[in-house]
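Here's the letter readout for the chains.
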Amino acid sequence: MTFVALLHAVNLGARRKVPMADLRALLTGLGLREVRTYIQSGNAVFSMAPDPALRGRLEVALEAQFGFPVPVTLRTAHGWQEAARGCPAHLRDEAVVVAFLRDPPYPERVAALHARDVTPERWEVVGQHLYQTVPDGVRNLRLSAAVIERTLGVGVTVRNERTVQAIAAMLDT
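> Would you explain the packing of helix H3 (residues 77-85) against helix H6 (residues 161-171) in this entry?
Any two packed helices are characterised by how steeply their axes cross, that is the angle between the axes, and by the distance between the axes. It is at 9 Å that the axes of H3 and H6 come closest, and there the two elements cross at 140°. Classed by the angle they form, the pair H3 and H6 counts as oblique. The chirality of how H3 crosses H6 is left-handed. Listed contacts from H6 to Ala77, Trp80, Gln81 and Ala84 of H3 are Glu161, Val164, Gln165, Ile167, Ala168 and Leu171. Residue classes in the contact of H3 with H6 are distributed as 7 nonpolar, 2 polar and 1 charged.

> Looking at this structure, how should I read the packing of aromatic side chains?
Geometrically, a pair of aromatic rings is defined through the distance of the ring centres and the angle of the planes. Summed over the entire model, instances satisfying the criterion amount to 2 aromatic pairs. Between phenylalanine 3 and phenylalanine 46 the ring centres are 6.0 Å apart and the planes differ by 20°, which places this aromatic pair in the stacked class. Remark: phenylalanine 46 occurs in strand E3 (residues 43-47) and phenylalanine 3 occurs in strand E1 (residues 2-7); sequence separation between them is 43 residues. The same class applies to phenylalanine 3 as to phenylalanine 46, namely buried. With centroids separated by 4.7 Å and ring planes inclined at 5°, the aromatic side chains of tryptophan 80 and phenylalanine 100 adopt a geometry described as stacked. One end of the pair, tryptophan 80, is in helix H3; the other, phenylalanine 100, is in strand E5 (residues 96-101), with 20 residues separating them in the sequence. Of the two residues examined, tryptophan 80 and phenylalanine 100, each falls in the buried class.

> Got a minute to help me understand the sheet that holds strand E2 (residues 33-38) in this structure?
Picture the strands of a sheet paired through backbone hydrogen bonds; they go either parallel or antiparallel. Strand order in the open sheet made by the 4 strands is E2-E3-E1-E4, with antiparallel pairing throughout. Sheet topology places E2 and strand E4 (72-76) at the edges, where each strand pairs with a single neighbour. Going from strand to strand, the sheet's axes swing by 20° on average, the running direction of each strand aside. The sheet contact formed by E1 and E3 spans 5 bridges and is antiparallel. What sits directly across from alanine 5, in E3, is alanine 44. Packed onto the sheet, helix H2 (residues 54-66) meets E1, E3 and E4 and runs at close to 140° relative to E4. Across the sheet, H6 is in contact with E1, E2 and E3; its angle to E2 comes to roughly 155°.

The rules behind each value
- Residues numbered from 1 in each chain as written.
- Predicted model: local features only at pLDDT ≥ 70, side-chain atom pairs only at ≥ 80, totals over all residues.
- Heavy atoms only, no water.
- Axes fitted to C-alpha atoms, helices over the stretch in contact; angles between N-to-C directions.
- Helix = DSSP H or I, 4+ residues; strand = E, 2+ residues; numbered from the N terminus.
- Parallel < 35°, antiparallel > 145°, perpendicular 65-115°, else oblique.
- Left-handed = near helix turned anticlockwise from the far one by under 90°.
- Contact = heavy atoms within 4.5 Å.
- Nonpolar A, V, L, I, M, F, W, Y, C, P; charged D, E, K, R; others polar.
- Phe/Tyr/Trp six-rings, centres within 6.5 Å; stacked < 30°, edge-to-face > 60°.
- Buried < 20%, exposed > 50% of the residue type's maximum accessible area, 1.4 Å probe, protein only.
- Pairing = 2+ DSSP bridges.

The values reported here are purely geometric and, on their own, carry no functional implication.
Take a look at the structure:
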């Protein structure tokens, strides 16, 4: 089975460095097969048998290797392809980012997020993904990953649409 692992908040500055060659070596050492990475933001594609403890095993190994906690969000190849195709039609006319939620959000938490005024941004939760327009650029988001995470009460990592589509293409090869 093929999976995508998204590492949260790595390689964003001088700290929390996770070189992709080291990540590939670590994942291969854990017995994962066909390990590939995409750009430097902590995106890995690999094959293995299904393992419900995988996320925890990865997080323990990453912290041991790099010396700081690294939350991980996982998707199956099928789940990733659904996310890549899942952007609601009414948001597609603008630049979009996808917030990958580690766990399903509770409906009352989504309602609390809806109560926030983040105009001119528009967003929608579809399953474990939050699709969001970025009319003023990613650096100026009113609905930041930190706000999403705090309000929904689940871990979040964000990827731009180009990255989402590039990883989807990797899964097709």
